[in-house]
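A structural walkthrough
What follows is the residue order along each chain.
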Amino acid sequence: MLLINWTESVRGPELTTSAGRMHLEVCSPNIVRIRYTQEPYFADKSSLIVIDRPAAPVHWKLQDEGERLILRTEAMDIEIDKATCAFSYRNRDGELLFREPAGGGKTLEPIEVFRTSFAAQHSSQEQEVTYGADGLRVQGEERERHLDRRAYRTRLEFDWQDGEALYGLGSHEEGMMNLRGEYQYLYQQNLKASIPVLLSSRGYGILVDSCSSMTFRDDEKGSYLETDADDELEFYVIYGPEFDTIISGIRELTGDVPLLPRWAYGYIQSKERYESAEELLAVAREYRERKLPLDAIVLDWQSWTGNLWGQKTLDPERFPNPEALADELHALHVRWMVSVWPIMSEGGDNHREMEEGGFLLGNRATYNAFDPEARKLYWKQASEGLFRHGVDAWWCDCTEPFEADWKGAVKPEPEHRMSINTSESRRYLDAEYVNAYSLEHSHGLYEGQRAETDRKRVVNLTRSAYAGQHRYATITWSGDTSATWDTLRKQIADGLNFCMTGSPYWTSDIGAFFVRNQPELWFWNGDYEQGTADAGYRELYVRWFQLGTFLPMFRSHGTDTPREIWRFGSPGERVYDVLEKFLKLRYRLMPYLYALAAAVTHERYTIFRALAFDYRQDPQVHSIRDQFMWGPAFLVAPVTEPMNVAPGSPSLEDAEPTRSVYLPEGVWYEYWNEQRMEGGQIVSAAADLGTLPLYVRAGSIVPLGGDVQYADEDPQGPIHLKIYPGGDATFTLYFDEGDSYAYEQGAYSTLSLYWSEAKRCLTIGERHGHYAGMSEQQIFTAELVGCPNMSTVDYSGQLLEIYADEHGFIAPR
């Protein structure tokens, strides 16, 4: 491909080549949008991924240097080889970030896009209706397939560097961490939440603006990202170099993250399934009677009447008075999350209204989330049938509605699985948008609830995800996993890579969804036929629960066996006591966690962090898949192997209750015994059943709350400030109403904490901001780790200094 000429516009240069046209748009000094087309004009369709923001003036210049054309911004350079149009990307120090292959790395392959036609109305003989482990499935009988338009299969190739590590692409099931040398198929499926974002340890990110299915490869077949159906190749390059800066750039493009209500960071109890109002209430009451913290309970599928799948009203026999149910749960300070589905069976009012509006896709069962009017009707149904009766949160199940491989005894090979699922999706959805159903489904629920009230924040737990979906208050969970140690091990890397795409909220079913094994179904593949009666499962559950304590959402769920804490033993028994210990630890850490959640919203932060976020230039961390940072202070190293009991309850005699942990450079404290340790080494960490290897970085301030039963019980109660010396430290505490959007108008307060290592002084800064119900007083207790003396102060909003000597803190000044 030869560069023929170029012109300059306000936002960047346009290139004419021997094989089409390219445009480089400078969005900011750190972000450049690149488009390539073989059509006379660039596509003018609105992006579903990238939002419109006011364009600010950006300084850039174009330099002609003979064989190269160079676009320079204040942060990076893009070099264009005139002979091949291969791009090379450098920072302003001239260091190579990445390059395309010398022959040119951008390809457009013409394809034909077909559309399937179905009968306007179906008879029962023309529909294939099935019920399986993933609920209702309806297939319509095709009438014809016809050519809709011509498009392109696009490919962006890379010549990556030795030692470079790659991350992102969403949550998949293989447990990949560093994606170098791997391949991944990006489509939506029960166990896959695909997002077209890559981050590199070299300090840049790539966002592909496409909703098509895709392929990523870095193997013997090449190094590239390929989309299956697009009008043009379109992608963004975001320079950091730090991952937090790259994530900020991704959210600048795709939208910011709303703050979830404080209760959503507490413990959420679920199972498949609670069948009546009385059962929900009985579980909530039991938690309160046992003084076990709880913030929400989940009503899973089949809450509707009979076989009216997806109907967004409750069965009046089992849930005779939804308002009274909501009131009693709320009196217990327990919120209520309800499962809703995009597919609806015939016979219900919801299905009839969708059909009358022409809002159903070709199977006459799944609503068209890409139609704004269909989304409005879906919200109207959800609001009238559920939300106005007191429901607090949504569980959007099966948001990849045309998954087609959830059957059979043999798991298809990866290429075959992609073909099965994407072929089924393309029967009903445009090939250019098959990955974006969940994005638009979430869009409708978010905008519907926001239009109805500003007093209740949106919470949408959803099984699928796509780039930009985070702006609709979604949390994605990893799908219907199976209870094996291998699955637990893989979940960590899957979640970390998801959070490296700009979407910060990910979780997993604690204990896995499937616990038993059904040989006739490849995905129902747990190791524990006896469920909670199996000591081996109880050990696995404890370790998963320990991981869940440090996930963005802390939620237990699954089938085959109960999940409430008392199902695993009684007070005084080892497993019960360990579960209680970590449940209460989550709540003690609520001031820390809620402040980090505010940073996600206000500062584009990421809580659940691969080690490369903070130690990008340490090659030792690049492929560590079973450790992570939780905010700035904690390093978490979950145990992912059995140490006590195997499936079926036989004892493991030779297992050593330790695990190896890599501590990056610096000084660290073991959380449980406060032992000070040097980093830059692998240590053997104690890991008995009650001990999760947990470390705190020196130079950290960790705020701790009290022993509460729900997140909103005492949000302005005494806060214990634990200072881990060894370096200067800062932390910003955040306070607001907890569950309204008043914070968007500035109704919140912050106060900054600063520890000076040289002065041995803790400074509590002035309080900034105000919100309804805010107390002017705050009790703090300050503790310097390793010293016996603590200091308690009554803070009234003015700057306060507390000094420490060799014994700890002394009276404040």
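Whatever comes next refers back to the structure up there.
Rules behind the numbers
Residues numbered from 1 in each chain as written. Predicted model: local features only at pLDDT ≥ 70, side-chain atom pairs only at ≥ 80, totals over all residues. Heavy atoms only, no water. Core = buried A, V, L, I, M, F, W, Y, C linked by side-chain atoms within 4.5 Å. Buried < 20%, exposed > 50% of the residue type's maximum accessible area, 1.4 Å probe, protein only. Helix = DSSP H or I, 4+ residues; strand = E, 2+ residues; numbered from the N terminus. Contact = heavy atoms within 4.5 Å. Phe/Tyr/Trp six-rings, centres within 6.5 Å; stacked < 30°, edge-to-face > 60°. 1 Å grid on protein atoms, 1.4 Å probe; cavity = no way out; pocket = protein on both sides within 12 Å on 5 of 7 lines; lining within 4 Å. Points joined across faces, edges and corners; volume = space filled by probe spheres on them. Nonpolar A, V, L, I, M, F, W, Y, C, P; charged D, E, K, R; others polar. Expected span 1.5 Å × (residues − 1). Axes fitted to C-alpha atoms, helices over the stretch in contact; angles between N-to-C directions. Parallel < 35°, antiparallel > 145°, perpendicular 65-115°, else oblique. Pairing = 2+ DSSP bridges. Salt bridge = Lys/Arg side-chain N within 4 Å of Asp/Glu carboxyl O.

Description of the nonpolar core
- The biggest cluster of nonpolar side chains holds 236 residues, and the ones touching the most others in it are Trp336, Trp394, Phe545, Trp630, Phe634 and Ile764.
- With 10 residues, helix H11 (residues 590-603) is the single largest residue contributor to this core.
- Discounting chain neighbours no more than four positions away, the residues touching Trp630 are Thr549, Phe550, Leu551, Arg586, Leu589, Tyr592, Leu593, Ile607 and Val636.

Topic: the packing of aromatic side chains
- In the structure shown here, the tally under the stated rule is 62 aromatic pairs.
- Here Tyr592 and Phe634 contribute two aromatic rings whose centre-to-centre distance is 5.4 Å and whose plane-to-plane angle is 85°, an arrangement assigned as edge-to-face. Here Tyr592, found in helix H11, pairs with Phe634, found in strand S31 (residues 634-636); they are 42 residues apart in sequence, far enough to count as distant.
- A residue is classified by how much of its surface remains accessible, and Tyr592, at 0% relative accessible area, is buried.

Here's the deal with the side chain of Arg262
- Structurally, Arg262 is set in the loop between helix H1 (243-254) and strand S21 (267-269).
- Aside from chain neighbours lying at most four places away, what touches Arg262 is Arg457, Met590, Tyr594, Ala711, Asp712, Pro715, Asp736, Glu737 and Gly738.

Focus: the layout of surface pockets
- The calculated volume of the largest pocket comes to roughly 770 Å³.
- Every residue lining the largest pocket is counted, 32 residues in all, and those nearest its centre are Arg33, Ser47, Val50, Glu234 and Tyr236.
- Residue assignment for the lining of the largest pocket shows that the elements contributing at least two residues are strand S3 (20-28), strand S4 (31-37), strand S20 (233-239) and H1.
- Of the residues belonging to the lining of the largest pocket, the class tally is 13 nonpolar, four polar and 15 charged.

A few points about H11
- Spanning 14 residues, H11 covers 19 Å between terminal C-alpha atoms, matching the ideal 20 Å at 1.5 Å per step.
- The set of residues buried in H11 consists of Met590, Pro591, Tyr592, Leu593, Tyr594, Ala595, Leu596, Ala597, Ala598, Ala599, Val600 and Thr601.
- Just beyond H11, the residue with positive phi is Arg604, at close to 60°.

Re the packing of helix H9 (residues 535-548) against helix H10 (residues 574-588)
- Between H9 and H10, whose axes approach to 10 Å, the crossing angle comes to 10°. In terms of orientation, H9 and H10 fall into the roughly parallel class. Residue-level inspection shows Arg538, Tyr541, Val542, Phe545, Gln546 and Gly548 of H9 in contact with H10, the latter providing Val575, Val578, Leu579, Phe582, Leu583 and Arg586.
- Looking at side-chain class alone, the contact of H9 with H10 contains eight nonpolar, two polar and two charged residues.

Observations regarding empty space enclosed by the protein
- All chains considered together, the criterion is met by seven cavities of 30 Å³ or more.
- Estimated volume of the largest cavity: approximately 120 Å³.
- Together, 14 residues line the largest cavity, and Gln188, Glu400, Asn421, Ser425 and Val434 are the ones closest to its centre.
- In terms of residue count, the dominant contributor to the lining of the largest cavity is helix H6 (residues 414-428) (three residues).

A few points about the sheet that holds strand S9 (residues 96-99)
- Strand order in the open sheet formed by five strands is S5-S6-S7-S8-S9, with antiparallel pairing between adjacent strands. Every other strand in the sheet has two partners, leaving strand S5 (60-65) and S9 as the edge strands with one partner each. In this sheet, adjacent strand axes meet at a mean angle of 20° when their direction is disregarded.

Re the pattern of salt bridges
- Counted under the stated rule, the structure contains 74 salt bridges.
- When the shortest N-O distance is used, the salt bridge between Arg352 and Asp349 registers 3.7 Å. Of this pair, Arg352 and Asp349 both sit in helix H4 (residues 349-356), three residues apart, which is roughly one turn of that helix.
- A residue is classified by how much of its surface remains accessible, and Arg352, at 37% relative accessible area, is partly exposed.
- Because the salt bridges share partners, they merge into one network encompassing Lys45, Arg115, Asp148, Arg149, Asp231, Asp430 and Glu432.

Let's talk about the sheet that holds strand S34 (residues 676-678)
- Ordered by their spatial adjacency, six strands build an open sheet running S29-S30-S31-S36-S33-S34, and the pairing between neighbours is antiparallel. Edge positions in the open sheet fall to strand S29 (608-609) and S34, since each of these has one partner strand only.
- Pairing analysis gives three bridges linking S31 to strand S36 (residues 694-697), with the strands arranged antiparallel. Within the sheet, the bridge partner assigned to Leu635 lies in S36 and is Tyr695.

What to know about the pairing of strand S2 (residues 13-17)
- Alternating positions in S2 separate cleanly, Pro13, Leu15 and Thr17 being buried on one face and Glu14 and Thr16 remaining unburied on the opposite face.
- Sheet topology note: the strand S1 (residues 3-8)/S2 ladder contains five bridges and is antiparallel. Residue pairing across strands places Asn5 opposite Thr16, the latter belonging to S2.
- Linking S1 back to S2 in an antiparallel pair, the connection comprises four residues, with Gly12 at a positive phi of about 155°.
- Bridge count for S2 against S3 is four bridges, and the pairing is antiparallel. When the sheet's bridge partners are listed, Thr17 is paired in S3 with Gly20.

Digging into the environment of Ser482
- Among the structural elements, Ser482 can be located in the loop between strand S26 (474-477) and helix H8 (485-499).
- Once residues within four sequence positions are removed from consideration, Ser482 is found in contact with Thr487, Ala512, Phe514, Phe523, Trp524, Asn525, Gly526 and Trp544.

Focus: unusual backbone geometry
- Here the bond from Gly240 into Pro241 is cis, since omega is 5°, no more than 30 degrees from zero.
- Structurally, the position occupied by Pro241 is in the loop between S20 and H1.
- In this structure, Arg273 follows Glu272 across a cis peptide bond, with omega equal to 0°.
- Residue position: Arg273 is located in the loop between S21 and helix H2 (277-290).

Remarks on the packing of H10 against H11
- At a minimum axis distance of 5 Å, the contact between H10 and H11 shows a crossing angle of 55°. By the angle between their directions, the pair H10 and H11 is classed as oblique. Residue-level contacts link Arg586, Tyr587 and Arg588 of H10 to Met590, Pro591 and Leu593 of H11.
- Its residues placed into classes, the contact of H10 with H11 shows four nonpolar, no polar and two charged.

Without other data, these values stay purely geometric and don't point to any function.
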